[in-house]
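Residues per chain are reported as follows:
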Amino acid sequence: MTFPTHRPRRLRESGLLRDLVRETRLSVDDLIYPLFVAEGQGVRDPIATLPGQYRYSVDTLVTECRRAADLGLKAVLLFGIPDDGDKDATGTCAWAADGIVQRAIRAIKEADLPLCVMTDVCLCEYTSHGHCGVVQGQRILNDPSLPLYARQALSHVEAGADLVAPSDMMDGRVGAIRAALDGAGHEHVPIMAYSAKYASAFYGPFRDAAGSAPSFGDRRSHQMDPANGDEALREVALDLEEGADIVMVKPALPYLDIVWRVKQRFGVPVAAYHVSGEYAMIEFAARANAGDRERLVLETLGSIRRAGADLILTYHAPFAAERLGGR
Ligand code: PBG
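Everything quoted here is computed from the prediction, not taken from an experiment.

## Overview of the pairing of strand S9 (residues 192-197)
- In terms of burial, S9 is a largely internal element, six of the six residues being buried.
- Of the strand pairs in this sheet, S9 and strand S10 (residues 246-250) are connected by four bridges, and their pairing is parallel. Looking at the pairing, Ala-193 lines up with Val-247 of S10.

## Structural notes on the pattern of salt bridges
- Counted according to the given criterion, the structure contains 21 salt bridges.
- Notably, a salt bridge pairs Lys-87 with Asp-84, separated by 3.5 Å at the nearest N-O pair.
- According to the relative accessible area criterion, Asp-84 is exposed, its value standing at 63%.
- In this structure, a network of salt bridges that share partners links the residues Glu-64, Arg-67, Glu-294, Glu-322 and Arg-323.

## What about helix H2 (residues 58-70)?
- Its 13 residues give H2 an end-to-end C-alpha distance of 18 Å, which sits within 8% of 18 Å, the value for a rise of 1.5 Å per residue.
- Taken together, the buried residues of H2 touch strand S1 (31-38), strand S3 (54-56), strand S4 (75-81), helix H3 (100-110) and helix H11 (317-324).
- Gly-72 sits one or two positions beyond H2 and adopts a positive phi of about 95°.

## Some details on the environment of Thr-92
- Along the chain, the position of Thr-92 falls in the loop between S4 and H3.
- For the pair Thr-92 and Met-281, spaced 189 residues apart in the sequence, the C-alpha separation amounts to 34 Å.

## Re unusual backbone geometry
- Pro-4 follows Phe-3 through a cis peptide bond whose omega is 10°.
- Within the element layout of this structure, Pro-4 appears in the segment before helix H1 (15-21).
- Residue Pro-251 is bonded to the preceding Lys-250 through a cis peptide linkage, with omega at -10°.
- In this structure, Pro-251 sits in the loop between S10 and helix H8 (256-266).

## A word on the packing of aromatic side chains
- Tallying each qualifying case throughout the model produces nine aromatic pairs.
- Ring geometry for Tyr-54 versus Tyr-56: centroids 6.0 Å apart, planes at 55°, classification tilted.
- Arranged with centres 6.2 Å apart and planes meeting at 45°, the rings of Tyr-273 and Tyr-315 form a pair that is tilted. Of this pair, Tyr-273 sits in strand S11 (residues 270-274) while Tyr-315 is found in the loop between strand S12 (311-314) and H11, placing the two residues 42 residues apart along the sequence. The pair formed by Tyr-273 and Tyr-315 is uniform in burial state, with each residue classed as buried.
- One aromatic cluster is present, formed by Phe-36, Phe-79, Tyr-194, Phe-206, Tyr-273, Tyr-279 and Tyr-315 through successive ring pairs.
- Here the guanidinium or amino end of Arg-44 rests over the ring plane of Tyr-54, the centre of that ring lying 3.9 Å away.
- Positioned over the ring face of Tyr-194 is Lys-197, at 5.4 Å from the centre of the ring.

## A look at the site of the ligand
- With respect to spatial proximity, 18 residues lie near the ligand, and among them Lys-197, Arg-207, Lys-250, Ser-276 and Tyr-315 are the closest.
- Arg-207 has a polar side-chain atom sitting 2.6 Å from an oxygen atom of the ligand.
- Gln-223 places a side-chain nitrogen or oxygen 2.9 Å from an oxygen atom of the ligand.
- Taken by itself the ligand offers 410 Å² of open surface, and the protein chains cover 100% of this.
- Because more than half of its atoms lie within 2 Å of the grid, the ligand is assigned to the largest cavity.
- Of the residues in the shell around the ligand, the class split is nine nonpolar, three polar and six charged.

Conventions and cut-offs
- Residues numbered from 1 in each chain as written.
- Predicted model: local features only at pLDDT ≥ 70, side-chain atom pairs only at ≥ 80, totals over all residues.
- Heavy atoms only, no water.
- Buried < 20%, exposed > 50% of the residue type's maximum accessible area, 1.4 Å probe, protein only.
- Helix = DSSP H or I, 4+ residues; strand = E, 2+ residues; numbered from the N terminus.
- Pairing = 2+ DSSP bridges.
- Salt bridge = Lys/Arg side-chain N within 4 Å of Asp/Glu carboxyl O.
- Expected span 1.5 Å × (residues − 1).
- Contact = heavy atoms within 4.5 Å.
- Phe/Tyr/Trp six-rings, centres within 6.5 Å; stacked < 30°, edge-to-face > 60°.
- Lys NZ or Arg CZ within 6 Å of the ring centre and 35° of its normal.
- Near = heavy atom within 4 Å.
- Polar contact = N/O pair within 3.5 Å; in protein donor to acceptor, adjacent residues only side chain to side chain.
- Areas by Shrake-Rupley, 256 points an atom, 1.4 Å probe, with all protein chains shown as cover.
- 1 Å grid on protein atoms, 1.4 Å probe; cavity = no way out; pocket = protein on both sides within 12 Å on 5 of 7 lines; lining within 4 Å.
- Sits in = over half its atoms within 2 Å of the grid points.
- Nonpolar A, V, L, I, M, F, W, Y, C, P; charged D, E, K, R; others polar.

Encoded structure:
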């Protein structure tokens, strides 16, 4: 019953047939574009380890968001980079009504762009020590950090954010944020939880971009051990019980097995974050002529979709959108 009866190549020889039987499709609807916003005016500051990505001031951020919307992208995820002088031990500037992210959200909303404005909720970009929560000695305290994420998330929503995405990996933060939003009448605003976020070496360029590297120690007391898979399923289950609407696996490529398991087990909307180090690998490889950028990007993003991700957060979003065609 095998060859010559069965010839898998029959469906591969024509491009039209390949299109007809293709199992996975990548679309601009699946992509979320992460952006960094800092103080200043007219700033478009290149990030050395993320070639092609910039730190924007609020005005240039709006221009970049308009470009993203024109390309057919539906969502951006904002990361705030406050001035060093504004940072303190508890990250107070993270929930200031006129904080950097809050002003950026309002400016994008005032420009009336057809974009879902998502915000990252975590304190590491706002604390003087670069840790994700309240620190006592060498420890990052869990429960005292929760009300701070809740305040930060609420201030983003009050500024107009359409969705909040907690990335701190403290226990119980999804429930704390959900309760704070509901208590203030924002029960309709969804939460995308960084549920299975690993203590990864692939965040290096992000920490350069955001100036959020920890001043001592590391993030292994709260981010997951790269060796663990079952634990990711427990983390996802907890976040769903606490009210997460979308769950995320991060990074993407080294954890495609986790993306697959989460999608198969829970059947909820799953996002995967193709992180800064993954972007950098492709960009530096393409710049060294070790591969064709367009093919590397589309094959990589396609593999994340094939593994089961409904949504992909990627710095390649505009590049991919230009090739995929929008609207
Ligand atoms: C924490 C946060 C990080 C990233 C997203 N949110 C950095 C970290 O945990 O150290 C990394 C994203 C990337 O590498 O692209 N606020």
